[in-house]
2 protein chains.
Amino acid sequence: MTAGAGADAGVVVGVDIGGTKVLAGVVDAGGRVTSTARRTTPGRRVVASQVEDALVEAILESAGGRHLAGVGVAAAGFVDSAGERVMFAPHLPWQGEPLRDLLEDRLGCPVLLDNDANCAARAEAHHGAARGAASALMITMGTGIGGAVLLDGHVLRGANGMAGEFGHMQVVPGGRSCECGRSGCWEQYSSGNALVRDARALMADQPSVLTDMSDGHPDRVTGPMVTTAAEAGDLVARAAFASVGDWLGVGTANLVAALDPEVVVIGGVSAAGDRLLDPARTSLQRTLVGVGHRAVPRLVAAELGPEAGMVGAALLVGGDGTRTAAP
Amino acid sequence: MTAGAGADAGVVVGVDIGGTKVLAGVVDAGGRVTSTARRTTPGRRVVASQVEDALVEAILESAGGRHLAGVGVAAAGFVDSAGERVMFAPHLPWQGEPLRDLLEDRLGCPVLLDNDANCAARAEAHHGAARGAASALMITMGTGIGGAVLLDGHVLRGANGMAGEFGHMQVVPGGRSCECGRSGCWEQYSSGNALVRDARALMADQPSVLTDMSDGHPDRVTGPMVTTAAEAGDLVARAAFASVGDWLGVGTANLVAALDPEVVVIGGVSAAGDRLLDPARTSLQRTLVGVGHRAVPRLVAAELGPEAGMVGAALLVGGDGTRTAAP
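Residue numbering note: each chain is counted from 1, following its sequence as written. Whichever chain is written first becomes A and whichever ligand is written first becomes 1, with later ones labelled in order. In view of the model being predicted, local features appear only for residues whose pLDDT reaches at least 70, and side-chain atom pairs are presented and counted only at 80 or more, with totals across whole chains, interfaces and linings using the full set of residues. No hydrogens and no water enter the side-chain calculation; it runs on all heavy atoms of the structure.

Identification of chain A as Glucokinase from Nocardioides exalbidus is taken from an unreviewed UniProt entry. UniProt positions are given in the numbering used here, feature names are shortened, and annotations may be inferred rather than shown by experiment. Reading the Sequence similarities (unreviewed entry) entry of the UniProt record for chain A gives the comment "Belongs to the ROK (NagC/XylR) family."

What follows is the structure, encoded as structure tokens:
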């Protein structure tokens, strides 16, 4: 179940394909990335084979001519429970694409496939903040909320391969409308998008450096702007972080009530850190059932950063290059 | 991991202790109950040893003089993750009681301990509605909502032994206050108590047979009355069932988004059946993320009825009478 292999057996490559970039790297048995290669993701208006071309190029460049023992792929999309197909992906031209078999034919080595949130969680379980935990939750903040349930270091994939869709748990009946077509989803209150939305709404009523930063156009406010403004002490930006952090704790409390994990790892918050995690810890303590009769799980930031998906993809490949049972 | 044993090895007894009664029974390897004994639960104002007396009496009576290979206990309370102690129980005089060791001393055989919702879920996994499912949720409707997560037939116990506290997931921010001290908990909208509360509120504004049934005192309305009224076509009672069922589906959708189980088993609804499950299926379909791209899990009634806790307790005991890893 460890990635990497000796010189004879060839190298294990992990590759992470998101909406904007393809990142491939050779990952050794200790989870260290020894060489990488990047491509720009061709986008969703191209034919699927162009995306596969970009994947194959990045993989081969990162391997630098060495024999491929196996390749793990982390895809920003829904992967079927067998790990063979990308069923759909919001930023990629795949709909039921049999990506695993296509890449095996082109690369001549075993290819394993999982979604990016599961891969990042697997990497944190083996080499990061969830190391050694019998049970953990990974909650990844981005445009929305992704996540995974980790049990003894294994990712729970679910009957459809769709476990971990935490962002679409309803937290407010009849609440903010969501891109998924429903309303009141958690990620409408706690995510990068929610942060920007909250800041825009607050700056309409209160003075804020965000008004200058956006040239008076609230619709030009971005996540990094809110982070910069909060660091500068701006009250609107800080209030937006406090709200997103508070909701992070509320949703986490629901998951902890259901699953009682040892640790909760929050990904995607490197720039914000404790500005989100402190209010989240407070609201977790306030909202969780049985506080006083139980240990409240640690709420910690992920440790591996943007390489987590790539490292976790490589972990799909057994040390001998053969397919492992999904780790 | 199977309960029961041959004549030489002795019998396996499962015992379920709730707020009102103690039910013990000999359970064979096929999950069949071959003899039972009951006692009234002494209540929470007695000394703990009186409750233990009632347990021991019921266990010995059900065994009828046969050798005890092992005893499994399902307790209506929080059991520590080691399965040794009842940490607290709303209707019993236990606070950190080392029940397992106390009973082993008195009975002279291995004793295994888990909470009642976990035991009922284990029974459904081995002999009931979750049989054969790689992953399942058990949601038990009673005064509140209890539950369990089942993976390959094993109950997920959690870091504190508190996984499955579904009833205290917050579904309405600032909503109805809950006995747990917080507000907006799921069980305030979907449970036996919620059914009665909804019916009482609705009968204030609409004619209902419940007014006669309760002699004009809404506070005398009970759950069985609402069930009877709904069967008779009463619109208030039917609206209360529709609301509780709708909320059952909403909360279930949140759990399914997180865990993606193959099947969801609803316990405690034998009298109500499809009057709750039909609206729950509708709202699950409406609220669940990815409908159209996934299989929606089956939502089915539990099969084992009031003996589930006893049968699941017996399953804690290995076929040879020794302790098993918690199944």
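So, next bit.
S.K.: For this particular structure, what's the right way to read the overall build of chain A?
M.R.: The helix and strand labels rest on DSSP assignments: H or I over at least four residues marks a helix, E over at least two residues marks a strand, and numbering proceeds from the N terminus. Helices and strands together make up the secondary structure of chain A, namely nine helices and 12 strands. For a compact globule the rule gives 2.2 Å times the number of residues to the power 0.38, and the radius of gyration it is set against comes from C-alpha atoms. Against the globule reference of 20 Å for 327 residues, chain A gives a C-alpha radius of gyration of 20 Å, in line with a compact fold. Overall, the C-alpha framework of chain A stretches about 60 × 50 × 35 Å when taken along its three principal axes. Classification of residues uses two cut-offs on accessible area relative to the type maximum, computed with a 1.4 Å probe and protein chains only: under 20% is buried, over 50% is exposed, and between them is partly exposed. Residues classed as buried in chain A amount to 58% of the 327 residues present. In this description, contact between two residues means that some pair of their heavy atoms is separated by no more than 4.5 Å. Taking all contacts inside chain A whose residues are at least 6 apart in sequence as the whole, residues at least 24 apart take part in 63%. Under the convention used here, a 1.4 Å probe and the Shrake-Rupley method define accessible areas, while residue burial counts only the protein chains that appear. Counting only carbon and sulfur atoms, one obtains 50% of the accessible surface of chain A, whose full area is about 12500 Å². In this count, Lys and Arg are taken as positive residues and Asp and Glu as negative ones, while His and the chain termini are left out. The atom standing in for a charge is NZ when the residue is Lys, CZ when it is Arg, CG when it is Asp and CD when it is Glu. Each charge class in chain A was averaged separately, 25 positive and 35 negative side chains, and the resulting centres sit 2 Å apart.

S.K.: Would you mind showing me how to read the packing of helix 4 (residues 192-203) of chain B against helix 7 (residues 235-259) of chain B here?
M.R.: Any two packed helices are characterised by how steeply their axes cross, that is the angle between the axes, and by the distance between the axes. Residues and elements named next belong to chain B. Between helix 4 and helix 7, the shortest axis-to-axis distance is 9 Å and the interhelical angle comes to 135°. Taken as axis vectors, helix 4 and helix 7 run oblique relative to one another. As helix 4 packs across helix 7, the resulting crossing turns out to be right-handed. Along the contact surface, helix 4 presents Ala194, Leu195, Asp198, Ala199, Leu202 and Met203, while helix 7 presents Val236, Ala239, Ala240, Phe241, Ser243 and Val244. All axes are obtained by fitting lines to C-alpha atoms, using only the stretch in contact for helices, and the reported angles, taken between N-to-C directions, cover 0 to 180 degrees. Convention used here: angles under 35 degrees read as roughly parallel, angles over 145 as roughly antiparallel, angles from 65 to 115 as roughly perpendicular, and any remaining angle as oblique. Each crossing gets its handedness from the near helix: less than a right angle anticlockwise from the far helix is left-handed, clockwise is right-handed.

S.K.: Is there a simple way to explain the interface of chain B and chain A in this structure?
M.R.: Interfaces are often described in size by the accessible area the parts lose on coming together. Counting residues at the interface gives 40 residues for chain B and 40 residues for chain A. Summed over both sides, the interface between chain B and chain A buries roughly 3200 Å², with carbon and sulfur atoms accounting for 61% of that surface. A simple way to read buried area is as the amount of 1.4 Å-probe accessible surface that goes missing from two parts once joined, with both sides added. Broken down residue by residue, the surface that chain B buries against chain A is led by Gln170(B), Arg182(B) and Asp260(B), which jointly contribute 17%. A side-chain nitrogen of Lys or Arg and a carboxyl oxygen of Asp or Glu constitute a salt bridge if their distance falls within 4 Å. The tally of links from chain B across to chain A stands at zero salt bridges.

S.K.: Is there a simple way to think about helix 3 (residues 116-127) of chain B in this case?
M.R.: Three or four residues apart is the spacing at which side chains of an α-helix point the same way, because the helix has 3.6 residues per turn. Residues and elements named next belong to chain B. Taking 1.5 Å per residue, 12 residues should reach 16 Å; helix 3 reaches 16 Å between its end C-alpha atoms and fits that length. A large share of helix 3 lies buried, amounting to nine of its 12 residues. Listed as buried for helix 3 are Ala117, Asn118, Cys119, Ala120, Ala121, Arg122, Ala123, Glu124 and Ala125. Of the residues that open helix 3, the one with a side-chain oxygen 2.8 Å from the backbone nitrogen of Ala117 is Asn115. Helices are assigned an expected span. That span is 1.5 Å times one less than the residue count. Polar contacts, as used here, are pairs of N or O atoms within 3.5 Å; protein pairs need one atom able to donate a hydrogen and one able to accept it. Residues neighboring in sequence count only if both atoms are side-chain atoms.

S.K.: So what exactly am I meant to see when it comes to the sheet that holds strand 7 (residues 111-115) of chain A here?
M.R.: Two modes of strand pairing occur in sheets, parallel and antiparallel, and in both the strands are linked by backbone hydrogen bonds. Residue and element names in this part refer to chain A. In space, the five strands of this open sheet follow the order 3-2-1-4-7, with mixed pairing throughout. The open sheet has two free edges, formed respectively by strand 3 (33-40) and strand 7, since each of these has just one partner strand. Pairs of neighbouring strands in the sheet enclose a mean axial angle of 20°, with direction left out of account. Sheet strands in contact with helix 1 (residues 48-63) are strand 1 (11-17), strand 2 (21-27), strand 3 and strand 4 (68-75), and its direction is about 155° off that of strand 3. By this definition, two strands are paired if DSSP reports at least two bridges between them.

S.K.: Even after reading the chapter, I still don't get the relation of the copies chain B and chain A, so can you show me in this structure?
M.R.: Comparison of the two chain copies shows a relationship of rotation about an axis with a shift along it. The superposition of copies rests on a least-squares fit of C-alpha positions from residues with pLDDT of 70 or more in both. Each copy of the sequence occupies a distinct position, and chain B is placed on chain A by a rotation of 180° and an axial shift of 0.0 Å, giving an RMSD of 0.0 Å. The transformation just described matches what one would write down for a two-fold rotation axis. By residue overlap, the copies meet face to face through one surface: 100% of the interface positions of chain B are interface positions in chain A.

S.K.: Sorry if this is basic, but what is going on with unusual backbone geometry here?
M.R.: Among all residues except glycine, the phi angle is most often negative; among peptide bonds, the trans geometry is most common. With a phi close to 50°, Asp260(A) is a non-glycine residue in the positive phi region. Mapping Asp260(A) onto the fold places it in the loop between helix 7 (235-259) and strand 11 (263-267). In this structure Asp260(A) comes out as buried when scored by relative accessible area, which is 0%. Located in the positive-phi region is Asp215(B), a residue other than glycine, with phi close to 50°. Position of Asp215(B) among the secondary structure elements: in the loop between helix 5 (209-213) and helix 6 (223-231).

S.K.: Even after reading the chapter, I still don't get the domain arrangement of chain A, so can you show me in this structure?
M.R.: Residues and elements named next belong to chain A. When cut into domains, chain A gives domain 1 (11-122 + 307-314) and domain 2 (132-303). Segmentation into domains, and thus their bounds, comes from an automatic or database assignment. Centre-to-centre, using C-alpha coordinates, domain 1 lies 27 Å away from domain 2. Carbon and sulfur atoms supply 53% of the area buried between domain 1 and domain 2, which totals about 960 Å² over both sides. Area buried by domain 1 at its contact with domain 2 is led by Phe78, Asn118 and Ala121, which between them contribute 45% of it. Taken together, the connections running from domain 1 to domain 2 amount to one salt bridge. In this structure, the salt-bridge partner of Asp114 is Arg157, at a minimum N-O distance of 2.8 Å. Our count for the domain 1 to domain 2 interface comes out at three residue pairs in polar contact (both at pLDDT 80 or more). Secondary structure elements with two or more residues in the side of domain 1 that touches domain 2: strand 5 (78-79), strand 7 and helix 3 (116-127). Residue contributions to the side of domain 1 that touches domain 2 peak at five residues, all from helix 3. In this count, Pro and Cys sit with the nonpolar residues alongside Ala, Val, Leu, Ile, Met, Phe, Trp and Tyr, while Asp, Glu, Lys and Arg are called charged and the others, Gly among them, polar. Taken together, the residues of the side of domain 1 that touches domain 2 sort by class into five nonpolar, three polar and three charged.

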